[in-house]
Amino acid sequence: MYLEIIVDHPDREGELRALYAWLLADERLASTGPELASSRPIGDGEMGPGLDLIQLGIDGGLGIANLALAVATWRRSRVEPPSVELRRGEVSVVLRGADDDDVRRIIAVLDQ
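A short note on helix H2 (residues 60-77)
Between its first and last C-alpha atoms H2 spans 26 Å; for 18 residues at 1.5 Å apiece the expected length is 26 Å, and the two agree. Turning to H2, the residues buried within the fold contact strand S1 (2-8), helix H1 (12-25), strand S3 (53-57), strand S4 (83-88), strand S5 (91-95) and helix H3 (100-110).

Written out as structure tokens, the structure is:
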């Protein structure tokens, strides 16, 4: 399944790059092929669109569980943890906390 991750923070791109590096360093998730991407095309006069999401492919419930745990752990490492939205098609979950209930909620919603 294909997922997108969006970070809500004043330094969106910086935090997105930090999460991207975190996911690449996680042996359980590096093979999911996370990529920094833009949700919009390049506009006239722009050298390129701003990066505003991470795209990756996850296989099944275990992959979603590993991703949810990695994102929650990353949020705990931040001085000002941003909210993180995980989106699969029309289904999305916003992580504002980083406790076990939040991780279970992500898994339950995205693994349908």
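Comments concerning the packing of H2 against H3
Packing of H2 against H3 leaves a shortest axis separation of 9 Å and a crossing angle of 145°. The two elements H2 and H3 meet at a crossing, and its hand is right-handed. Contacts between H2 and H3 pair Ile64, Ala65, Ala68, Leu69 and Ala72 from the former with Val103, Ile106, Ile107 and Leu110 from the latter. Class assignment for the residues of the contact of H2 with H3 results in nine nonpolar, no polar and no charged.

Thoughts on the packing of H1 against H2
Packing of H1 against H2 leaves a shortest axis separation of 10 Å and a crossing angle of 130°. Relative to H2, the element H1 is oriented oblique. For the element pair H1 and H2, the recorded crossing hand is right-handed. From H1, Glu15, Ala18, Leu19, Trp22 and Leu23 reach across to H2, where they touch Leu67, Ala70, Val71, Thr73, Trp74 and Ser77. Considered class by class, the residues forming the contact of H1 with H2 number eight nonpolar, two polar and one charged.

Describing the nonpolar core
Nonpolar side chains tend toward joint burial in soluble globular proteins. Core analysis: the largest hydrophobic core is formed by 24 residues, its most contacted members being Ile5, Leu19, Leu23 and Leu67. For this core, the elements supplying multiple residues, two or more each, are S1, H1, S3, H2, S4, S5 and H3. Examining the composition of this core, we find that seven residues originate from one element, H2, more than from any other. Not counting residues within four places of it along the chain, the set of residues in contact with Leu19 comprises Ile5, Val7, Ile54, Val71, Trp74 and Val84.

Section: the pairing of S5
Here S4 runs beside S5; their pairing, made up of five bridges, is antiparallel. Bridging from a neighbouring strand, Val84 pairs with Leu95 of S5.

Some details on the pattern of salt bridges
Counted according to the given criterion, the structure contains five salt bridges. Note that Arg87 and Glu4 form a salt bridge whose closest N and O atoms lie 3.0 Å from each other. Here Arg87 is found in strand S4, whereas its partner Glu4 is found in strand S1, with 83 residues between them in sequence. Relative accessible area serves as the criterion here: at 26%, Arg87 is assigned to the partly exposed category. The partner of Arg28 in a salt bridge is Asp26, and the shortest N-O contact between them spans 2.9 Å. Within this structure, Glu4, Glu85 and Arg87 form a network of salt bridges that share partners.

The rules behind these values
Residues numbered from 1 in each chain as written. Predicted model: local features only at pLDDT ≥ 70, side-chain atom pairs only at ≥ 80, totals over all residues. Heavy atoms only, no water. Helix = DSSP H or I, 4+ residues; strand = E, 2+ residues; numbered from the N terminus. Expected span 1.5 Å × (residues − 1). Contact = heavy atoms within 4.5 Å. Axes fitted to C-alpha atoms, helices over the stretch in contact; angles between N-to-C directions. Left-handed = near helix turned anticlockwise from the far one by under 90°. Nonpolar A, V, L, I, M, F, W, Y, C, P; charged D, E, K, R; others polar. Parallel < 35°, antiparallel > 145°, perpendicular 65-115°, else oblique. Core = buried A, V, L, I, M, F, W, Y, C linked by side-chain atoms within 4.5 Å. Buried < 20%, exposed > 50% of the residue type's maximum accessible area, 1.4 Å probe, protein only. Pairing = 2+ DSSP bridges. Salt bridge = Lys/Arg side-chain N within 4 Å of Asp/Glu carboxyl O.

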